[in-house]
Each structure stands twice: as structure tokens, then as C-alpha cells.
Amino acid sequence: METIRLTTAQALVKFLDQQYIEFDGEEQRFVKGIFTIFGHGNVLGLGQALEEDCGGLEVYQGRNEQGMAHAAVAFAKQMRRRQICACTSSVGPGAANMVTAAATATANQIPVLLLPGDTFASRQPDPVLQQIEQPHDLTVSTNDAFRPVSKYWDRIMRPEQLMTALLHAMRVLTNPADTGAVTIALPQDVQGEAYDYPASFFAKRMHRIDRRPASEAALEDAVRLMMSKRKPLIICGGGVRYSEAGAELQAFAEALHIPLAETQAGKSAVPGSHPLNLGGVGVTGNGAANAIAKEADLIIGVGTRFTDFTTGSKELFSGPGTDILTVNVSEFHALKLEATPVVADAKAALIALRQRLEAAGYRSGYTTEIEAARAAWSEEWKRLAGIQYAAGAFTPEVSGHLDEALPEYAEALGSCLTQTRVLAALNRLLGDDAVVVGASGSLPGDLQRMWVAEAPHSYHMEYGYSCMGYEISGALGVKMAEPDREVYAFAGDGSYLMLHSELVTSIQEGQKINVLLFDNNGFGCINNLQMGHGMGSFGTEFRARNTSTGKLDGPLVGIDFARSAAGYGVITYTARTLEELEQAVADAKRQTVSTLIDIKVLPKTMTNGYGAWWNVGVAEVSGKPDIARASEERRRFLQQARPY
Ligand SMILES: Cc1ncc(C[n+]2csc(CCOP(=O)(O)OP(=O)(O)O)c2C)c(N)n1
Ligand SMILES: O=C1C[C@@H](O)[C@H](O)[C@@H](O)C1=O
Ligand SMILES: [Mg+2]
């Protein structure tokens with residue numbers, strides 16, 4: 001047997017360099033590159049291997065391990081999971097910083113390969129710097145924290161273990177039904193240890209991603225169910241996009257005259273302006289999709305995980321005559337809500353189903369309802385787009401919370417801009433081909449309702465984990481995936497403050513991203529949530545400590561975000577009027593380096609709900625009557641919702 005003597009780390013790099021995937025007959029390199037932050041836990045092992053021979057892998061330098069791993073997650077998501085980046089960190093805190101990103105990947109079912117350094121396998125120098133000593137179990141290290149948030153976890157205690165570990169890593173990373181974070185912990189000493197690896201291990205490997213066909217029996221069940229229904233509604237989830245099934249979903253809807261609604265992950269599979277596309281559904285859905293959902297007698301969930309935001313905590317389509325049909329490549333998701341399951345690739349299943357339903361002469365029973373719902377939402381959209389603040393006589397969208405404080409905000413921010421008006425303007429200004437990126441705060445809800453995404457894959461929302469700080473790191477990953485498109489990160493001020501370090505990486509890499517920062521001086525959506533459930537404003541506005549009350553109810557803490565980002569070399573703007581915003585967007589498009597527009601918007605001017613419930617925990621004991629009312633309302637909704 002021919003062998004090659006390499007260190008564990010060198011073998012790892014050589015193997016990753018030889019992985020390819022085949023999808024619909026097209027071959028592609030699987031690992032584009034590797035994000036690194038070196039420390040003593042990885043620099044002399046994996047760092048040495050990459051310096052000596054990184055093959056075709058690109059090597060990037062991250063700023064924060066969570067940020068760089070989020071960039072890798074966003075890259076893979078925008079590549080529809082057909083190409084990934086790996087990430088290596090040092091031992092201890094560097095590794096711990098990646099745990100959040102691992103969870104983001106796993107929650108969203110996005111492949112990412114994480115390679116944290118680990119403590120010594122030999123234990124000779126223990127305890128090493130950054131080692132946690134657990135007297136009850138010496139095998140435990142920080143990296144065990146990746147176990148619950150990874151789809152595959154391994155620790156390489158001997159060089160030869162690497163071979164089985166990497167083959168299993170590839171199995172999970174390329175599995176469309178069950179992928180997510182793969183963590184391979186690399187003890188510091190083992191990374192540099194040598195072994196005679198079989199040369200065959202480094203041969204080019206092609207991993208075919210098959211389109212799993214639906215079984216005849218499942219198709220028959222689905223057709224039988226559909227033939228008995230007159231008001232079906234398709235819910236287009238992220239699986240439609242990963243399967244490249246947008247055109248087929250559109251053809252399916254057109255042929256059978258069935259409206260469709262979008263989840264956050266499914267948006268931009270079918271053009272937003274299509275007459276059968278009702279837009280976002282659920283807690284952050286719009287009036288049209290939610291109205292049709294409430295009346296539907298069949299929900300056809302294609303490639304969706306049916307999260308609480310999509311199902312309105314299982315209250316939205318809970319009528320006694322409403323059935324669920326699922327098309328999902330994952331059995332786990334297909335079997336949710338006691339659905340009639342079609343476990344299959346979305347594109348393959350939609351083609352097969354359409355053929356059978358057309359042959360059976362199926363057409364839904366909708367007459368004018370779809371058009372009417374769309375028209376009503378269009379009027380509402382225009383109203384939202386036109387909302388302007390007027391001192392003294394203004395009722396914000398989210399009213400009855402901070403109404404009296406709005407003049408103070410207008411003065412402190414120096415702006416009267418409303419969030420809904422800004423979003424409508426941006427939808428017009430950015431251009432259809434631009435990719436919008438978001439994750440957390442009030443913006444995902446507003447975007448799901450208001451953003452009309454026309455071009456395929458122009459909407460990139462991480463709403464599985466809704467992780468603050470993903471927006472900017474994510475935009476970098478999206479730009480790496482789609483260098484020819486303008487990429488816009490939509491971030492709240494809270495989210496920006498939490499993590500924006502990879503903005504510097506975007507400058508370093510010459511990967512232009514645009515940050516649209518919505519500064520409303522606080523954790524706006526959480527303020528809405530607490531005050532909407534009977535609490536006061538507590539710990540969510542950005543106010544200084546008040547020396548007379550001892551509380552955080554002093555003056556507003558203003559931040560000049562444009563000035564802060566300018567220090568990184570970012571081209572920055574501040575927008576306090578629509579004219580300033582228009583000029584800033586026009587100028588930002590002309591730039592070749594990353595830009596940031598600090599948009600000052602009034603709190604409470606985001607969209608409000610459109611008839612879908614969200615089950616959030618409410619105190620059952622409180623001296624406040626409003627909280628008791630909220631708790632009572634929750635009990636009432638729970639009785640209407642599906643219990644499981
Ligand atoms: C990492 C992380 N921590 C906490 C949360 C909970 N959370 C969700 S939105 C939010 C506040 C967001 O504030 P901001 O980014 O300013 O957006 P706004 O709601 O004001 O538009 C918080 C704390 C989260 N989603 N992610
Ligand atoms: O707690 C949350 C509330 C949501 O409105 C928000 O979008 C999300 O980021 C979150 O974590
Ligand atoms: Mg905010």
C-alpha cells in the first residue's frame with residue numbers, strides 16, 4: 001500500500017482540498033477556503049500545515065471566531081449548501097466563540113466545518129493555558145460544548161482517527177436532509193503528530209447529491225388528499241431554494257391555481273410580484289398571506305420546518321377541517337403536524353405531483369380571493385410606505401408604549417424617519433439583483449412583510465437562530481458567494497453593537513459589503529414585546545444610568561455609528577431624511593469598498609402584527625393588570641391552537 005507521511009493537520013488540509021460535489025450533473029469543488037484565527041492551540045499544527053501547502057484552499061483571517069464562522073455559514077447558505085468554508089480556532093475561548101455559530105448553522109441546516117484546537121491528548125503539560133479542569137472527568141474540554149449544537153462531533157486523539165472522522169464529516173456536510181455544523185476537535189499535540197496515511201485517502205472524492213424521488217404510495221396519498229381540498233395554500237420554505245425548485249414551485253402553483261406564501265428562508269424562490277405569491281406568512285407575515293392561511297383547508301408545506309413564526313405557534317391554520325401535506329427531503333420535518341408526508345427532494349416531488357394532479361384535472365376552488373387579498377395588502381403596503389412623523393399629532397404603528405417619548409427620540413436622533421417608509425424606499429432604491437441580508441431585531445419581520453424580492457436568491461435571512469451579529473458577518477459570506485452582486489446587511493443598532501468585526505475583514509479582503517444600520521436607540525423589538533405584554537419599558541431603551549433614580553432611565557445614549565465605522569476605512573453616511581438616504585445609496589453603489597449608512601429611525605415605527613399569534617411565556621402572577629390580561633389572552637389562544 002502506498003503511503004504518505006504527514007502530520008494530522010497536513011493530512012486534514014490535503015483531504016479537504018480533494019473534496020468535490022456533483023449536483024444535477026455539475027461538478028464543483030466543495031471547500032472554498034478556511035477562516036482562521038490562530039493561537040497556541042492551532043498555529044503550529046493546522047497553521048503550519050496551511051502555510052506549508054494549502055493546495056487550492058483560500059486562507060482568510062477572521063476578527064472574531066463567531067463572526068468568521070457566521071461568514072462561513074452565510075457563504076454556504078448563499079451557495080445553497082453546495083460549497084462550504086471551514087473555520088479553525090485556537091483552544092479555549094477562541095473555540096468557545098464558535099459555539100454560537102455552530103448553533104446557527106445547525107438550527108438553519110447549513111453545513112459548516114469547525115476545527116477548534118483542543119487540549120493535549122497526552123495530558124503531559126496539563127493544565128495548559130485556557131484549559132478548563134473538570135475534576136470529575138478529564139476528557140472534558142471547552143469543545144464538548146459543541147456537542148449539542150453540532151450534527152457531527154469528533155475529537156482526533158490519534159492521527160489515524162482522522163480518516164474515519166473526515167469521511168463522516170463529509171457524509172453530514174453533504175446530506176441535504178440532515179446537515180449543519182460539523183465539529184472536529186484537534187488536540188494541540190495530535191495536530192503535529194505524523195502518520196503514514198494511505199495515499200488512496202487523498203484521491204479526488206466526488207460526493208453526489210441525489211434528488212431523492214417520492215415513492216408512488218406517497219404521491220398517491222398526496223393526490224388523494226389534494227383532490228378533496230378546494231382552498232390549499234403552499235408554504236414555500238428554504239428547502240425550495242436549496243433544491244433550486246423555485247421555477248417548479250411557480251409552475252405547480254400556476255398549473256393548479258394555488259396561492260403560495262413564503263417563510264423567511266423561502267423568500268426569493270418565486271418573484272414577489274407574481275400574482276399567486278402572497279408574501280411572508282405567520283407571526284411576521286403580512287395581511288394577505290395570513291388571511292388566506294386562516295381560510296385554507298390544506299397547507300402544503302414545501303421544504304419548511306414549520307417553526308412557530310410560520311405556524312403562528314400552531315394557531316394560524318388550526319381549523320378542524322385544515323389538513324397538512326408536506327414535501328420535505330427530511331423525514332423529521334415531513335412528519336410534523338401529523339402531515340401526509342412526501343419525503344422527497346422538493347423539485348422532484350413537485351414535478352411528479354403536478355403531472356398526476358394535472359392528469360386528474362385538479363384546480364383549486366379559489367375565485368377572486370387571491371387577487372382581493374393581494375390588493376388589500378398592496379393598499380396597506382402603500383400606507384406603511386407613506387407613514388411620516390408629525391410632532392404633536394402622530395400615532396406610531398406600535399402605539400401606546402412610548403408615544404410621549406417620541407419627540408425626545410426625534411430630537412436626540414435628529415430625525416423624523418419612520419422605519420416602514422425607509423424600507424419601502426430601499427426596496428425601490430437597491431435594485432432587484434441586490435442581496436439583502438438580515439437576522440435579528442425588528443427588521444426581519446418588517447422585511448418579511450414588506451420586502452418584495454424579485455430576483456432569485458436576493459433575500460438572505462438567518463431566522464432559524466435569529467442571531468444578533470450575523471448580519472454583517474453574513475453579508476461578508478454572501479459577498480464571497482456572489483461577488484458580482486451588491487450585498488446589503490440590514491442591522492439594528494443593537495445588533496451592530498453586538499458584533500460587526502468582520503466589517504474590517506471585508507475591507508481587508510476587498511469584499512465590498514454595504515451596511516444599512518437602523519439606529520432607533522434601543523432593542524426595539526424586545527421593547528415592543530415587553531410593553532405589548534403588559535410590562536413597562538425595562539432595560540431595552542439605550543438610556544444612561546440616572547443618578548437620581550439609580551435606574552437606566554436617564555437621557556438617550558446617542559451613537560455616531562458613521563464616525564465609528566469610518567475609522568475602519570469604511571465609506572460612511574448618515575441619513576436623517578429620505579433625500580439623504582437616496583443620495584447615500586446612490587453614492588454607496590459607486591464605491592468599491594464597504595459602506596455604511598447610519599439611518600436614524602424613530603422607535604415604534606416598524607410594522608405591527610397582522611393577525612398571527614406568537615406564544616411567548618407570560619408571567620401568571622403579577623401585580624400589573626396588563627400582565628394578567630396578557631396571560632389570560634395567552635391561555636385563550638392556547639385553547640385555539642393545535643396542542644402539538
Ligand atoms: C445573540 C442574540 N442575543 C439576544 C437576542 C435577543 N434579541 C432579539 S432582537 C434583540 C434586540 C435587537 O435590537 P436592534 O438590533 O437594535 O433591533 P431593533 O429591534 O431595535 O430593530 C435582542 C436582544 C438575539 N436574537 N440574539
Ligand atoms: O427575541 C427575538 C424577537 C424577534 O422579534 C427578533 O426578531 C429575534 O431576533 C429575537 O431573538
Ligand atoms: Mg434598535
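Just so you know, these numbers come straight off a predicted model, no measurement behind them.

## Some thoughts on the coordination of the magnesium ion (ligand 3)
Protein ligation of the magnesium ion (ligand 3) involves Asp-493 (OD), Asn-520 (OD1) and Gly-522 (O), the donor distances falling in the range 2.0 to 2.1 Å. The sequence pattern describing where the donors of the magnesium ion (ligand 3) fall on their chain is D-x26-N-x1-G. Of the two residues, Asp-493 is situated in helix 19 (residues 493–498) and Asn-520 in the loop between strand 21 (514–519) and helix 21 (524–532); the sequence distance between them amounts to 27 residues. Residue class for Asp-493 comes out buried when judged on its relative accessible area of 1%. Classification of Asn-520 by relative accessible area gives buried; the value is 7%.

## Description of the sheet that holds strand 21
Read from one edge to the other, the open sheet built from 6 strands follows the order 19-18-20-21-23-22, with strand pairing classed as parallel. In this open sheet, the two edge strands, each paired with only one partner strand, are strand 19 (459–461) and strand 22 (571–575). For this sheet, the mean angle separating the axes of adjacent strands, direction not counted, is 20°. Bridge count for strand 20 (residues 487–492) against strand 21 is 5 bridges, and the pairing is parallel. Looking across to strand 21, one finds that Phe-490 is bridged to Leu-516.

## Regarding the UniProt feature "binding site: Mg(2+)" (unreviewed entry) in the protein
In this numbering, the UniProt entry assigns the feature "binding site: Mg(2+)" (unreviewed entry) to Asp-493 and Asn-520. Look at the named residues: they lie 28 residues apart in sequence, but the longest C-alpha span between them is just 6.8 Å, so in the fold they bunch up. Of the residues annotated just before, the largest pocket has Asp-493 and Asn-520 among its lining. Dropping the residues within four chain positions of it, Asp-493 is found in contact with Leu-517, Phe-518, Asp-519, Asn-520, Asn-521, Gly-522, Phe-542 and Phe-561. Once residues lying within four places of it in the same chain are set aside, the contact partners of Asn-520 are Tyr-409, Gln-419, Asp-493, Val-601, Leu-602, Pro-603 and Met-606.

## A few points about helix 15 (residues 406–413)
Buried within helix 15 are the following residues: Leu-406, Tyr-409, Ala-410 and Leu-413. Summarising the axial view, the buried residues of helix 15 lie within an arc of 100°, below the 170-degree limit, and thus occupy one face. Those residues of helix 15 hidden inside the fold are in contact with strand 21 and strand 23 (595–600). One or two steps after helix 15, the chain reaches Gly-414, where phi turns positive at roughly 65°.

## A word on the packing of aromatic side chains
For the structure shown, the criterion picks out 15 aromatic pairs. Here the aromatic rings of Phe-523 and Phe-542 are separated by 4.9 Å at their centres, their planes lie at 85°, and the arrangement is edge-to-face. In this pair, Phe-523 is assigned in the loop between strand 21 and helix 21 and Phe-542 in the loop between helix 21 and helix 22 (561–566), connecting sequence segments 19 residues apart. The positively charged end of Lys-14 is found above the aromatic ring belonging to Phe-202, 5.9 Å away from the centroid.

## Overview of the domain arrangement of the protein
Looking at the protein, the domain boundaries give domain 1 (3–209), domain 2 (216–369), domain 3 (386–600) and domain 4 (614–644). Taking only C-alpha atoms into account, the centre of domain 2 sits 30 Å from that of domain 4. Counting residues at the interface gives 12 residues for domain 2 and 7 residues for domain 4. Across the domain 2/domain 4 interface, buried area totals approximately 910 Å², and carbon plus sulfur atoms make up 52% of it. Considering only the surface of domain 2 that becomes buried against domain 4, Ser-313, Lys-314 and Glu-315 emerge as the three largest contributors, covering 46% of it. At the surface where domain 2 touches domain 4, the tally comes to 0 salt bridges. Taken together, the links from domain 2 to domain 4 amount to 8 residue pairs in polar contact (both at pLDDT 80 or more). Split into classes, the residues belonging to the side of domain 2 that touches domain 4 amount to 5 nonpolar, 3 polar and 4 charged.

## Describing the site of ligand 2
Residues in contact with ligand 2, as listed here, are Ser-440, Gly-441, Tyr-463, Ser-466, Cys-525, Ile-526 and Trp-614. Contacts to ligand 2 include Gly-441, whose backbone N or O atom sits 2.7 Å from an oxygen atom. In this structure, Tyr-463 approaches ligand 2 through a side-chain N or O atom, which is 2.7 Å from an oxygen atom. Structurally, ligand 2 is housed in the largest pocket. Residue composition of the shell around ligand 2, grouped by class: 4 nonpolar, 3 polar and no charged.

## Thoughts on the pattern of salt bridges
With the rule as written, the count across this model stands at 36 salt bridges. The residue Glu-58 makes a salt bridge to Lys-32 at a minimum N-O spacing of 3.5 Å. One end of the pair, Glu-58, is in strand 5 (residues 58–61); the other, Lys-32, is in strand 4 (residues 31–36), with 26 residues separating them in the sequence. For Glu-58, a relative accessible area of 37% translates into the label partly exposed. In this structure Lys-32 comes out as buried when scored by relative accessible area, which is 19%. Here Asp-587 makes a salt bridge to Arg-590, at a shortest N to O gap of 3.2 Å. Here Asp-587 pairs with Arg-590, and both are found in helix 23 (residues 578–590), just 3 residues apart, close to one helical turn. Overall, Asp-587 belongs to the partly exposed group, its relative accessible area being 23%. Residue Arg-590 is classed as exposed on the basis of its relative accessible area of 61%.

Calculation notes
- Residues numbered from 1 in each chain as written.
- Chains lettered and ligands numbered in written order.
- Predicted model: local features only at pLDDT ≥ 70, side-chain atom pairs only at ≥ 80, totals over all residues.
- Heavy atoms only, no water.
- Donors = N, O, S within 2.8 Å, 3.2 Å for Na, K, Ca; no water.
- Helix = DSSP H or I, 4+ residues; strand = E, 2+ residues; numbered from the N terminus.
- Buried < 20%, exposed > 50% of the residue type's maximum accessible area, 1.4 Å probe, protein only.
- Pairing = 2+ DSSP bridges.
- Axes fitted to C-alpha atoms, helices over the stretch in contact; angles between N-to-C directions.
- UniProt positions renumbered as here; feature names shortened; annotations may be inferred.
- 1 Å grid on protein atoms, 1.4 Å probe; cavity = no way out; pocket = protein on both sides within 12 Å on 5 of 7 lines; lining within 4 Å.
- Contact = heavy atoms within 4.5 Å.
- Arc of directions from axis to C-beta.
- Phe/Tyr/Trp six-rings, centres within 6.5 Å; stacked < 30°, edge-to-face > 60°.
- Lys NZ or Arg CZ within 6 Å of the ring centre and 35° of its normal.
- Domains from an automatic or database assignment.
- Buried area = accessible area lost by both parts, 1.4 Å probe.
- Salt bridge = Lys/Arg side-chain N within 4 Å of Asp/Glu carboxyl O.
- Polar contact = N/O pair within 3.5 Å; in protein donor to acceptor, adjacent residues only side chain to side chain.
- Nonpolar A, V, L, I, M, F, W, Y, C, P; charged D, E, K, R; others polar.
- Near = heavy atom within 4 Å.
- Sits in = over half its atoms within 2 Å of the grid points.

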